[in-house]
Amino acid sequence: MSFSLAAKLSVLLLFIGSTLYVHLRGKARLPVLRQFVNHSALFAPYNALMYLFSGVPSKPYLDRSKFPELDVLKDNWEVIRDEAMHLFDEGYIRAAENNNDAGFGSFFKKGWKRFYLKWYDKPLPSAEQLCPKTVALVSSIPNVKGAMFALLPGGSHLNPHRDPFAGSLRYHLGLSTPNSDDCRIFVDGQIYAWRDGEDVMFDETYVHWVKNETEKTRVILFCDIERPLSNSLMTRINRWISAQLGRATAPQNLDDERVGGINQIYASSKRFSDSVSGVVKQWKRKHPKAYRVMRPVLAVLVLVLLWKWLFG
């Protein structure tokens, strides 16, 4: 076996093995094929490393008391709520108007909306101007890497998904919620219902989904918290990777704010895919039998290309 072939096989086996590890972690799982083509699979090797050196237990919900620095957010939840509800009343908590939010693009179809406060390196200028008290509270906690207000209307839901990056954990603080068991999140099948002034920490790389089966809109503070790691070298590596991803996925609340390269590419690809999907849907309606035949043909083509990459 040549060195080149051995290297390619090693890369392929690393990808398959780590993706299977992520897939089998926990009780709730995405369909196998979806997991392998899901964007979370791209980070599977890195995520496996994060789990190996994690300083917190491998379980869906984590003990929030182990993160005492977040007490300042819970203690000031009414201050945060008042600024959030002002933004809500003024219409600032909204979907990405330019399809340039790659991380949450699919959520907007369900009525989910957001207003960014901070994204990895610094607060957004619009947030500093419109909700200065919340920005000051969030910025006072170094391990809060990203923060936003997140809204989900009554009667809506978010489908099962897993977030792609295990270098962080997820923190939610209830601000204006239905205060009902019918507005809840399922993390690896385990249920948590939001309440005003109450908070929760969970690992967003487990499969999770949301249901708001009430008539009231849910508004929360939504934060990415740096994952504690047991190794100082891995901590430095994770901070560097997080910083690069943060800059590449920089979001905007207003049109004059900087947008990261990944979000710019996503916006362009979204415009292209929307035009292509319109053509595909029209062709599918006219030729349903041919469409059913083409799907397995394309799958075989992908396998042939993979074979040629390995052995060609």
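It should be emphasised that the depicted structure is a prediction, and the values quoted were computed from it without experimental measurement.

Our focus in this paragraph is the domain arrangement of the protein chain. Examined at the domain level, the protein chain breaks down into domain 1 (61–257) and domain 2 (260–311). Centre-to-centre, using C-alpha coordinates, domain 1 lies 32 Å away from domain 2. Counting from both sides, the interface comprises 11 residues of domain 1 and, opposite them, 7 residues of domain 2. In total, about 770 Å² of surface goes out of reach between domain 1 and domain 2, with carbon and sulfur atoms giving 54% of it. Three residues stand out in domain 1 for area buried against domain 2, namely Asn99, Ala102 and Ala248, and they jointly supply 53% of the buried area on that side. Viewed at the interface, domain 2 and domain 1 are joined by 0 salt bridges. The tally of links between domain 1 and domain 2 comes to 7 residue pairs in polar contact (both at pLDDT 80 or more). Among the residues forming the side of domain 1 that touches domain 2, the class breakdown is 4 nonpolar, 5 polar and 2 charged.

Bringing the sheet that holds strand β2 (residues 113–119) into the picture now. Picture the strands of a sheet paired through backbone hydrogen bonds; they go either parallel or antiparallel. Pairing is antiparallel in the open sheet, where 7 strands are placed in the order β1-β9-β6-β11-β4-β2-β3. Each edge of the open sheet carries a strand with a single partner, namely β1 (61–62) and β3 (122–123). Here 4 bridges tie strand β6 (residues 168–176) to strand β9 (residues 199–202), and the two strands are oriented antiparallel to one another. Looking at β9, one finds that His172 is bridged to Val200. Its contacts with the sheet place helix α5 (residues 77–90) against β2, β4 (144–152), β6 and β11 (218–226), and it is angled at close to 80° to β6.

Right, let's talk about the UniProt feature "domain: Aspartyl/asparaginy/proline hydroxylase" (unreviewed entry) in the protein chain for a bit. Within this numbering scheme, the UniProt entry marks residues 75–228 as carrying the feature "domain: Aspartyl/asparaginy/proline hydroxylase" (unreviewed entry). Along residues 75–228 one finds 19% helix and 39% strand; the C-alpha atoms at either end are 23 Å apart.

At a closest axis distance of 8 Å, the pairing of α5 and helix α7 (residues 132–139) adopts a crossing angle of 135°. When the axes of α5 and α7 are compared, the pair comes out oblique. As α5 runs across α7, the sense of the crossing is left-handed. From α5, Val79, Ile80 and Glu83 reach across to α7, where they touch Pro132, Lys133, Thr134 and Leu137.

Let's shift gears to the state of the cysteines. Using the criterion set out here, one finds 0 disulfides in the structure. You can see Cys131 has no disulfide; the closest cysteine sulfur is in Cys223, sitting 12 Å from it. With no disulfide of its own, Cys183 lies closest to Cys223 among cysteine sulfurs, the gap being 18 Å.

Reading the values: rules and limits
- Residues numbered from 1 in each chain as written.
- Predicted model: local features only at pLDDT ≥ 70, side-chain atom pairs only at ≥ 80, totals over all residues.
- Heavy atoms only, no water.
- Domains from an automatic or database assignment.
- Contact = heavy atoms within 4.5 Å.
- Buried area = accessible area lost by both parts, 1.4 Å probe.
- Salt bridge = Lys/Arg side-chain N within 4 Å of Asp/Glu carboxyl O.
- Polar contact = N/O pair within 3.5 Å; in protein donor to acceptor, adjacent residues only side chain to side chain.
- Nonpolar A, V, L, I, M, F, W, Y, C, P; charged D, E, K, R; others polar.
- Pairing = 2+ DSSP bridges.
- Helix = DSSP H or I, 4+ residues; strand = E, 2+ residues; numbered from the N terminus.
- Axes fitted to C-alpha atoms, helices over the stretch in contact; angles between N-to-C directions.
- UniProt positions renumbered as here; feature names shortened; annotations may be inferred.
- Parallel < 35°, antiparallel > 145°, perpendicular 65-115°, else oblique.
- Left-handed = near helix turned anticlockwise from the far one by under 90°.
- Disulfide = S-S within 2.5 Å.

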